[in-house]
Amino acid sequence: MTGTAPRPPRRSTLLRVTTVVAAAVPLCTAGWFGWQALDHSGPAGATSAASAPAAPDTAQAAGAPSDAADGTAPLTPPVAPAPTSGAPAAEAPTAAPSQLPTPAAPAPTAPAQSAAATAGGLAGRTVLLDPGHNPGNGAHSAEINRQVDIGNARKECDTTGTETNAGYTEAEYTLDVSRRARALLAARGATVVLVQDGDRPWGPCIDERARAGADAHADVAVSVHGDGGPASGSGFHVIMPAKVVAGKADNSAIVEPSHRLGLLLRDHFHAATGEPYADYIANQGLDTRSDLGGLNLSGVPKVFIECGNMRNSTDAKRMTDPQWRQQAAQGIADALTAFLTTQ
């Protein structure tokens, strides 16, 4: 009623109100701590995507494979919130071993390719490919047995080459791989010259092969071969020229760039094919020789590659596989591209 003074509350009512308020305070406090725990349930030190960008994963920045199969970030064991004053510290839970990612071993990667590996990148450059031997040499023994001058010695004009136990010849292999490499290099803009393209009945001799690079005004040359080593040995190797200044030979100018080419060819061929370095000859896939006319007499940087041991059953299986031969051609083309586009 308006204008009438209220009556004072009874003592029993005041006691009940005081009891309710006192009980509500700890409940509110507990609710606040619970909200804090939910709001900070991520790992300690983590920030939200909206507040700060995550730092790039170093393994991914370097090109290494992700630890997670789907490319997500590795699992991190949860960290308990820091204890508040007066409250007992909670033990941080430990993730079970099966929840943690297993670090993946880095996969071997191919050497970096320059932009010249794309179409047109080798325009204006000339490459000489020298497919070792000739499928017709066996029918021309008198011609290929003729001795020629290689500067520091005299050697046979050419040989028949080796073959697998099943009869797949080195000459067939080298011509096929050289043609495949030619197609890859031509697609990148290079002019590619083959010393022989199955269009000669035999040869040519090793001294003519050596002159072919300068005759074609080539920037670089590679002689493609398959080895005929002991059946127990396997793997490939690259042969680089030793310095020879003797008689008609003087390869001083090409020794250093040929060694650079040899290193590139070893690395790119290994990356493209997975073929191991030879375990029966050379050292870490590299050899240096002064007894090969094709290197002694060359006027342009040149190396030989023995792509595998055709007398070894494992290597023979690879080298008779067209898909593997395409990989071999890829390794050769990539090495020549790197040589022509890098210092």
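S.K.: Mind showing me how you'd approach the overall build of the protein chain here?
M.R.: Helix and strand counts for the protein chain stand at nine helices and ten strands. The burial tally for the protein chain puts 36% of its 343 residues in the buried class. Long-range pairs, those at least 24 residues apart, make up 80% of the contacts in the protein chain between residues at least 6 apart in sequence.

S.K.: Whenever I open this one, the side chain of Arg266 confuses me. Can you help?
M.R.: Of note, Arg266 is situated in helix H6 (residues 252-273). With relative accessibility at 14%, the residue Arg266 sits in the buried group. Those residues in contact with Arg266 that lie beyond four places of it in its chain are Phe236, Val238, Tyr277, Gln284, Gly285 and Leu286.

S.K.: How do you make sense of the sheet that holds strand E6 (residues 237-241) when you look at a structure like this?
M.R.: The strands making up a sheet associate through hydrogen bonds between their backbones, and the pairing can be parallel or antiparallel. The strand order across the open sheet formed by six strands is E4-E1-E5-E10-E6-E9, and the pairing between neighbours is mixed. Unpaired on one side and paired on the other, strand E4 (191-194) and strand E9 (286-289) mark the two borders of the sheet. Here the average twist between neighbouring strands, direction ignored, is 25 degrees. Where strand E1 (residues 126-131) and E4 come together, four bridges link them in parallel fashion.

S.K.: How should the packing of aromatic side chains be read in this particular structure?
M.R.: The description of two aromatic rings rests on the distance between their centres and on the angle between their planes. Per the stated rule, a full pass over the model turns up three aromatic pairs. Centre to centre, the rings of Phe236 and Phe269 are 4.8 Å apart; their planes meet at 50 degrees, and the pair counts as tilted. Residue Phe236 is located in the loop between strand E5 (220-227) and E6, and its partner Phe269 is located in helix H6; the two are separated by 33 residues in the primary sequence. The pair Phe236 / Phe269 is uniform in exposure class, with both members buried.

S.K.: Quick question: what am I supposed to make of the packing of helix H4 (residues 170-187) against helix H9 (residues 322-341) here?
M.R.: Two numbers describe a pair of packed helices, the interaxial angle and the distance between the axes. Two numbers describe how H4 lies on H9: the axes approach to 8 Å, and their chain directions differ by 55 degrees. Between H4 and H9, the angle is such that the two are oblique. Crossing of H4 over H9 shows right-handed handedness. Listed contacts from H9 to Tyr173, Asp176, Val177, Arg180, Ala181, Leu184 and Leu185 of H4 are Pro322, Trp324, Arg325, Gln326, Ala328, Ala329, Gln330, Ile332, Ala333, Leu336 and Thr337.

S.K.: Sorry if this is basic, but what is going on with the pattern of salt bridges here?
M.R.: Oppositely charged side chains are able to pair whenever their charged atoms sit close together. Using the criterion set out here, one finds 15 salt bridges in the structure. One salt bridge connects Asp130 with Arg209, and the closest N-O pair in it is separated by 2.5 Å. You can see Asp130 sitting in strand E1 and its partner Arg209 sitting in helix H5 (residues 206-215), a full 79 residues away along the chain. Take Asp130: its relative accessible area is 2%, and that puts it in the buried class. Here the salt bridges do not stand alone but share partners, grouping Asp130, Asp158, Arg209 and Lys302 into one network.

S.K.: I tried to follow H4 on my own but got confused; where do I start?
M.R.: At 3.6 residues per turn, the α-helix brings residues three or four places apart onto the same side. If you check H4, its first and last C-alpha atoms are 26 Å apart, about what 18 residues at 1.5 Å a residue would give, namely 26 Å. All of the buried residues along H4 are Glu170, Ala171, Tyr173, Thr174, Leu175, Val177, Ser178, Ala181, Leu184 and Leu185. Buried residues along H4 sit against E1, E4, E5, strand E10 (302-309), helix H8 (313-319) and H9. Gly189 lies just past H4 and shows a positive phi near 105 degrees.

S.K.: Would you explain the confidence of the model for the protein chain in this entry?
M.R.: A low pLDDT score tells you not to read the predicted coordinates there in detail. Mean pLDDT over the protein chain stands at 78; residues scoring 70 or higher make up 65%. For residues 1-108, every residue scores under 50 in pLDDT, and the model assigns this stretch 28 contacts once sequence neighbours within four places are set aside.

S.K.: Mind showing me how you'd approach the nonpolar core here?
M.R.: Grouped together as the largest cluster of nonpolar side chains are 39 residues, with contacts concentrated most on Leu129, Tyr173, Leu185, Val222, Ile305, Ile332 and Leu336. Going through the elements one at a time, E1, H4, E4, E5, E6, H6, E10 and H9 are the ones with two or more residues in this core. By residue number, the principal contributor to this core is H9, which donates ten residues. In contact with Leu185, not counting residues within four places along its chain, are Leu122, Val127, Leu129, Ala190, Val192, Ala333, Leu336 and Thr337. Listed in part, the six residues of the second largest apolar core include Leu128, Val195, Ala212 and Ala218.

S.K.: Any chance you could explain the layout of surface pockets here in plain terms?
M.R.: To find the voids left in a structure, one rolls a probe of water-molecule size over its atoms. Its boundaries defined by the atoms lining it, the largest pocket holds a volume of some 440 Å³. As for the largest pocket, its lining consists of 24 residues, of which His133, Ile206, His225, Leu292 and Phe304 are closest to the centre. At the level of secondary structure, the elements contributing two or more residues to the lining of the largest pocket comprise strand E3 (154-156), H5, E5, helix H7 (293-296) and E10. Examining the composition of the lining of the largest pocket, we find that four residues originate from one element, E5, more than from any other. Tallied by class, residues from the lining of the largest pocket come to four nonpolar, ten polar and ten charged.

S.K.: Whenever I open this one, the state of the cysteines confuses me. Can you help?
M.R.: By definition, a disulfide links two cysteine residues through a covalent bond between their sulfur atoms. Evaluation of the coordinates by the stated rule reveals one disulfide. At a sulfur-sulfur separation of 2.0 Å, the disulfide partner of Cys157 is Cys205. On the sign convention where negative means left-handed, the S-S torsion of about -95 degrees between Cys157 and Cys205 marks this disulfide as left-handed. Here the residue Cys157 occupies a position in the loop between E3 and H4, and Cys205 occupies one in the loop between E4 and H5, the gap between them amounting to 48 residues.

About the criteria used
- Residues numbered from 1 in each chain as written.
- Predicted model: local features only at pLDDT ≥ 70, side-chain atom pairs only at ≥ 80, totals over all residues.
- Heavy atoms only, no water.
- Helix = DSSP H or I, 4+ residues; strand = E, 2+ residues; numbered from the N terminus.
- Buried < 20%, exposed > 50% of the residue type's maximum accessible area, 1.4 Å probe, protein only.
- Contact = heavy atoms within 4.5 Å.
- Pairing = 2+ DSSP bridges.
- Axes fitted to C-alpha atoms, helices over the stretch in contact; angles between N-to-C directions.
- Phe/Tyr/Trp six-rings, centres within 6.5 Å; stacked < 30°, edge-to-face > 60°.
- Parallel < 35°, antiparallel > 145°, perpendicular 65-115°, else oblique.
- Left-handed = near helix turned anticlockwise from the far one by under 90°.
- Salt bridge = Lys/Arg side-chain N within 4 Å of Asp/Glu carboxyl O.
- Expected span 1.5 Å × (residues − 1).
- pLDDT = per-residue confidence, 0-100.
- Core = buried A, V, L, I, M, F, W, Y, C linked by side-chain atoms within 4.5 Å.
- 1 Å grid on protein atoms, 1.4 Å probe; cavity = no way out; pocket = protein on both sides within 12 Å on 5 of 7 lines; lining within 4 Å.
- Points joined across faces, edges and corners; volume = space filled by probe spheres on them.
- Nonpolar A, V, L, I, M, F, W, Y, C, P; charged D, E, K, R; others polar.
- Disulfide = S-S within 2.5 Å.

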